[in-house]
Amino acid sequence: MPRAHDPELARLAAANVVAALRARGHAAYFAGGCVRDLLLGLRPTDFDVATDAPPARVRELFRSTSEVGAAFGVVLVRLDGCAIEVATFRSDGPYSDARRPDAVTFSDARGDAQRRDFTINALFLDPERWHGVARGDLGDGVIDYVGGLNDLRARVVRAVGDPHARLAEDHLRALRAVRFAARLGFTLDAETGAAIGAHARELRGVSRERIGEELRRMFAPGAGRSAAAGMLVELGLDAPVLDEPSRVATVATLAALPDGAAFATCLGAWALDRHAAPAAVLRAGEIDAVARRWRRALCLSNDESEAIRTELEILEMLAGGWLSAGVAPQKRLVARAGFESAMSLLELRRPDLVHPVRARMRELHGIAGGISPEPLLTGDDLVAGGARPGPIFGRVLAAVYDAQLEGRVTNKAEAMELAKRMGV
Ligand code: ATP
Ligand code: MG
């Protein structure tokens, strides 16, 4: 059984969809992001087909289909184990809510190219006439109504048509421009960049989910996250994206994180770049404020905002008194989820502390059963020993566990005796 996400199989399946439409007398091409990526020698994530066949006709022609974007004339065709989006050429009508067009009109390829956001995303490709980037001219089989091929060669992101008008229709395009430029290592066309800068504040009209989703994609591995963050700041988009004042600050911490870092760790790093003095960390109140604000601004999950909070708190403790704290609090910190993310931030903010912290961690591993041994004593043990469950349990168990971490109690009997002495 072919895997639906295998890009080579998806390309072949999409080529078969195009061939089937052609055989019935329709125009059909690869369209959008897959054309851009193929021409750049990159692996497209998915293959979209555009055609003059109306949706009802597409549904007739293929055995397995479903309607994914009925209002936009998009039909999902399943073929050869892959799912291919087949969109009927369309021109979008006026946008009254700056997000989705009021009406779509089916049109031809030229009209369809005009409604797309950037010239590099508005190319069509005839898979039967295209033989790969390594062979022949880049333009073989490319249908280009908007100068996209030139922009692809010049490595420029340029709006299709008047950039002011295109942004006014959909302000999310500002973030898409940054995302494509950062990921591909392209520059923004001057007029497009100027329009984005001029409209930056209007991003406030876009839903927080969509803003968060764009930032998540900009910070994904391989997406050029430091270029993206740099551009957001340069264009003044950092303010509406993060819902805080614009800040011309370095993105050095963010840039130096490993490429595979989690989104929450990227945000933690960016928070440090934006809100802490160089080589400093954030204090508890500041951590709380930024975690709350960004959670709302980016529609973060509970887990993500907790992860930002935890890693910044751990970092603050490591840079604060941790090295001179007692064994039990030291071990408890090392055992917290997010500790290794905090260490990756420590490496960038306080490299001087990494060696002493790691050395102390090695010592802690050798003390009384290591960092987080199974507790010698549990609530069940207390109950079995005749104690009545109550609010004091939690406090006593924590104190007994501290004693265990420090090696002051080493077996269950000693642990129980300590609990009794504490009045359980
Ligand atoms: P990615 O690799 O991120 O999927 P993509 O170019 O395929 O990039 P999609 O969001 O999947 O981007 O959209 C597919 C195509 O639809 C785009 O290439 C573009 O032509 C068009 N498109 C998508 N979003 C918009 C938009 N907001 N405004 C105009 N055209 C858009
Ligand atoms: Mg896509």
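Shown above is the structure to which this text applies.
Because the structure is a prediction, the values reported are computed rather than measured.

Each value, and the rule that gives it
- Residues numbered from 1 in each chain as written.
- Chains lettered and ligands numbered in written order.
- Predicted model: local features only at pLDDT ≥ 70, side-chain atom pairs only at ≥ 80, totals over all residues.
- Heavy atoms only, no water.
- Near = heavy atom within 4 Å.
- Polar contact = N/O pair within 3.5 Å; in protein donor to acceptor, adjacent residues only side chain to side chain.
- Areas by Shrake-Rupley, 256 points an atom, 1.4 Å probe, with all protein chains shown as cover.
- Helix = DSSP H or I, 4+ residues; strand = E, 2+ residues; numbered from the N terminus.
- Domains from an automatic or database assignment.
- Pairing = 2+ DSSP bridges.
- Disulfide = S-S within 2.5 Å.
- Buried < 20%, exposed > 50% of the residue type's maximum accessible area, 1.4 Å probe, protein only.

## Brief notes about the site of ligand 1
Turning to step 1, where the next piece is worked out: Around ligand 1, a shell composed of 15 residues is seen, among which R36, N121, D170, R173 and R179 lie nearest.
Turning to step 2, where the next piece is worked out: Separating an oxygen atom of ligand 1 from a backbone N or O atom of N121 is a distance of 2.9 Å.
Turning to step 3, where the next piece is worked out: Within the side chain of R217, an N or O atom sits 3.0 Å from an oxygen atom of ligand 1.
Turning to step 4, where the next piece is worked out: For ligand 1, whose accessible area on its own is 590 Å², the fraction buried by protein is 80%.
Turning to step 5, where the next piece is worked out: Elements with a minimum of two residues in the shell around ligand 1: α2 (33-39) and α7 (172-184).
Turning to step 6, where the next piece is worked out: By residue number, the principal contributor to the shell around ligand 1 is α7, which donates five residues.
Turning to step 7, where the next piece is worked out: When residues of the shell around ligand 1 are sorted by domain, at least three fall in each of domain 1 (1-154) and domain 2 (160-248).

## Looking at the pairing of strand β1 (residues 28-31)
Turning to step 1, where the next piece is worked out: Pairing of β1 with strand β2 (residues 48-51), which is carried by four bridges, proceeds in the antiparallel orientation. When the bridges of β2 are listed, F30 appears paired with V49.

## Quick word on the sheet that holds strand β5 (residues 82-88)
Turning to step 1, where the next piece is worked out: An order of β3-β4-β5-β2-β1-β8-β9 is seen for the seven strands of this open sheet, with the pairing classed as mixed. With one partner strand each, in any of the chains shown, β3 (64-69) and β9 (142-143) form the two edges of the open sheet.

## Notes on the state of the cysteines
Turning to step 1, where the next piece is worked out: Under the criterion given, the structure shown has zero disulfides.
Turning to step 2, where the next piece is worked out: With no disulfide partner, C34 has as its closest neighbouring cysteine sulfur the one in C82, 13 Å distant.
Turning to step 3, where the next piece is worked out: According to the relative accessible area criterion, C34 is buried, its value standing at 2%.

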